[in-house]
Amino acid sequence: MSLLGIDIGTTGCKAVAFDREGKQIASSSTEYPLLFPRAGWIELDPEEVWKKTVRAVRSVAEATRRDPVTALAVSAQGEAFMPVDRTGRVLHNSIVTFDGRAEPLVSWWDRRMGRRRIFAITGIPLSAMATLPKIQWLRKFKPGLTRRTARYLCFQDFFALRAGVEPCIDFSLAARTMGFDVSRLMWSDRILHTAGLDQALLARPVPSGTVIGELDSRAAAALGLSRGVRVVAGGHDQPCGALGAGVTGHDEAMYATGTVECIVPTFTRPLTSAGLMRNNLCVYPHIVPGKYVSLAFNFTGGSLLRWYRDTFGGSYDGLVSASGDVPSRLLVLPHFTMTGTPYFDTRSGGVIAGLQLSTARGEITAALLEGVTMEMRLNVELLAAGGIRIRRFRAIGGGAKSPRWMQIKADIMNRPVVVPEVTEAACLGAAIMAGVGTGIYRSAEEAVRATVRTARTFRPRPSRVRRYDRLFLRYRELFPAMQNILHQLAHTEP
């Protein structure tokens, strides 16, 4: 028998089957396109996502005939949602996280409730990224569609609906909507009333690891699985990834290095301090009962090295190996897309400071790797100031395969960086919750002990730590010094 973790992301779906020891039995991945109907609008076609999810699951199902799947859970992207009618038919494309059309509603919410009150209830800093302002926009500008809408579903509960079970949403994903009370672990009547949204239009919140039903015959046939496979509530993709990396303790954090850099620390109570809110650092339930997480992220992660490779030539491995083992004399501000935390600045830009005619290619590459990590160290310091301290990191994602980059991270952060054996951590985290929900594991902590193994640990080197500490002091001054110029450049006509 095996456990299936399904990760429904922004641009693709992964399905991975694991045995009870966390060993990967079979995997499959599919991709689907983002849609851009207007400037600043970003959507997904939910029917295309479902079709590609079915394809990935069927591929894994075919490969696990000798170890059939007995339970599954979904790791899902946050914020993205879609309206469906009473028959489950999708009425509009899914509006995804970074769609900006709901921006005018941010000031509307600020006037009616205030940022501080919203954060105290929901743990989510007020922004246009959240689901609720996007739903309000749709209801305002698509009134005919609104009258036909029976439910607004995120991708976790949409999968459940298509699987023939009740469309439930776990606490972690519900919190990403900005409509969930993170202390009481239920939809917030006050928030939903302010939004003019009836709770009946949303999925029922349940703890991650809750069995919400079994595949009916139609869904089982579509997915290539056996009828009766149990569907278990999974979670938001970031806490799923954290669990799959082995992060359950109060002083650990997942460090995902992919297209986006993301740090997910874990702690034991909902901290909603003014410092966290001011720096756009959210607080919401982990998929591990009784634990909470935050997110610190930068949209320019591994994509920065890819940009450098594609623009100036070379291979990824060649660039990294050429970076050497000496801290660069350059500073890179990795704002090559809009910033993530703490700024949420859509008008910033990238900077490479300190270039000279003697600057070698390898030093630029090293500076790119360092700059991305410096930005995350800034976030780690802001988390600590808000009461969330991190003792060590567990690294996942494509960057975790690079020993050079992992050592840079350990040296800049001055903390150990542990790389687990399993790289598909979000799928493993979802599969773990499927196992917890069906009694294979007594708890998430027991499951981690059974499934998560360390491949390598990178420890900070004191001599490098001292040099990076000095460099970081200058890095902290770079964005404040450049901000006005970067904003002006953003408005310059081409």
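Computed from a predicted structure; not experimentally measured.

Caption draft 1: Region of the structure containing the nonpolar core. Counting 152 residues, the largest nonpolar core has Trp109, Leu215, Leu225 and Ile263 as its most contacted members. Take this core: its biggest share by element is 11 residues, from helix H14 (residues 361-385). Other than its neighbours up to four places away in sequence, Ile263 contacts Ala253, Met254, Tyr255, Ser294, Leu295, Ala296, Met376, Val380, Ile390, Phe393 and Met413. With 24 residues, the next largest nonpolar core counts Ala71, Leu243, Leu428 and Val448 among its residues.

Caption draft 2: Expanded view of the sheet that holds strand S5 (residues 69-76). Pairing is mixed in the open sheet, where six strands are placed in the order S3-S2-S1-S5-S14-S13. Both outer strands of the open sheet, strand S3 (24-31) and strand S13 (211-214), are each paired with one neighbouring strand and no more. Put simply, the sheet's adjacent strands are angled 20 degrees from each other on average, direction ignored. Here strand S1 (residues 2-8) pairs with strand S2 (residues 12-18) via six bridges, running antiparallel. Bridging from a neighbouring strand, Gly5 pairs with Val16 of S2. Together, S1, S2 and S3 form the strand contacts of helix H1 (residues 46-63), whose direction differs from that of S3 by roughly 155 degrees.

Caption draft 3: Up close: the environment of Val90. As for its position among the elements, Val90 is in the loop between strand S6 (81-84) and strand S7 (94-95). Sequence spacing of Val90 and Phe158 is 68 residues, and the spatial spacing of their C-alpha atoms is 9.7 Å. If we ignore the near neighbours within four places in the chain, the residues touching Val90 are Pro46, Glu47, Met82, Pro83, Val84, Phe158 and Arg162.

Caption draft 4: Spotlight on a positive patch on the surface. A cluster of basic residues, Arg466, Arg467, Arg470 and Arg474, forms a positive patch at the surface. With respect to the helices, strands and loops of the structure, Arg466 is situated in helix H18 (residues 462-490).

Caption draft 5: Spotlight on the pattern of salt bridges. Evaluation of the coordinates by the stated rule reveals 24 salt bridges. One salt bridge connects Glu47 with Arg162, and the closest N-O pair in it is separated by 2.7 Å. Residue Glu47 is found in helix H1, and its partner Arg162 is found in helix H6 (residues 155-162); the two are separated by 115 residues along the sequence. On the basis of relative accessible area, Glu47 is assigned to the partly exposed category, the value being 34%. Among the ionic pairs, Asp469 bridges to Arg377, the shortest N-O distance being 2.9 Å. Of this pair, Asp469 sits in helix H18 while Arg377 is found in helix H14, placing the two residues 92 residues apart along the sequence. Asp469 gets classed as partly exposed once you look at its relative accessible area, which sits at 29%. For Arg377, a relative accessible area of 13% puts it in the buried group. Beyond isolated ion pairs, a larger network of salt bridges with shared partners links Arg377, Glu381, Asp469 and Arg476.

What counts, and where the lines are drawn
- Residues numbered from 1 in each chain as written.
- Predicted model: local features only at pLDDT ≥ 70, side-chain atom pairs only at ≥ 80, totals over all residues.
- Heavy atoms only, no water.
- Core = buried A, V, L, I, M, F, W, Y, C linked by side-chain atoms within 4.5 Å.
- Buried < 20%, exposed > 50% of the residue type's maximum accessible area, 1.4 Å probe, protein only.
- Helix = DSSP H or I, 4+ residues; strand = E, 2+ residues; numbered from the N terminus.
- Contact = heavy atoms within 4.5 Å.
- Pairing = 2+ DSSP bridges.
- Axes fitted to C-alpha atoms, helices over the stretch in contact; angles between N-to-C directions.
- Patch = residues over 30% accessible without salt bridge, like charges linked within 9 Å, V, L, I, M, F, W, Y side chains within 5 Å.
- Areas by Shrake-Rupley, 256 points an atom, 1.4 Å probe, with all protein chains shown as cover.
- Salt bridge = Lys/Arg side-chain N within 4 Å of Asp/Glu carboxyl O.
- Lys, Arg positive; Asp, Glu negative; His and termini not counted.
- Charge placed at Lys NZ, Arg CZ, Asp CG, Glu CD.

Honestly, that's just the spatial picture; any functional story needs more than this.
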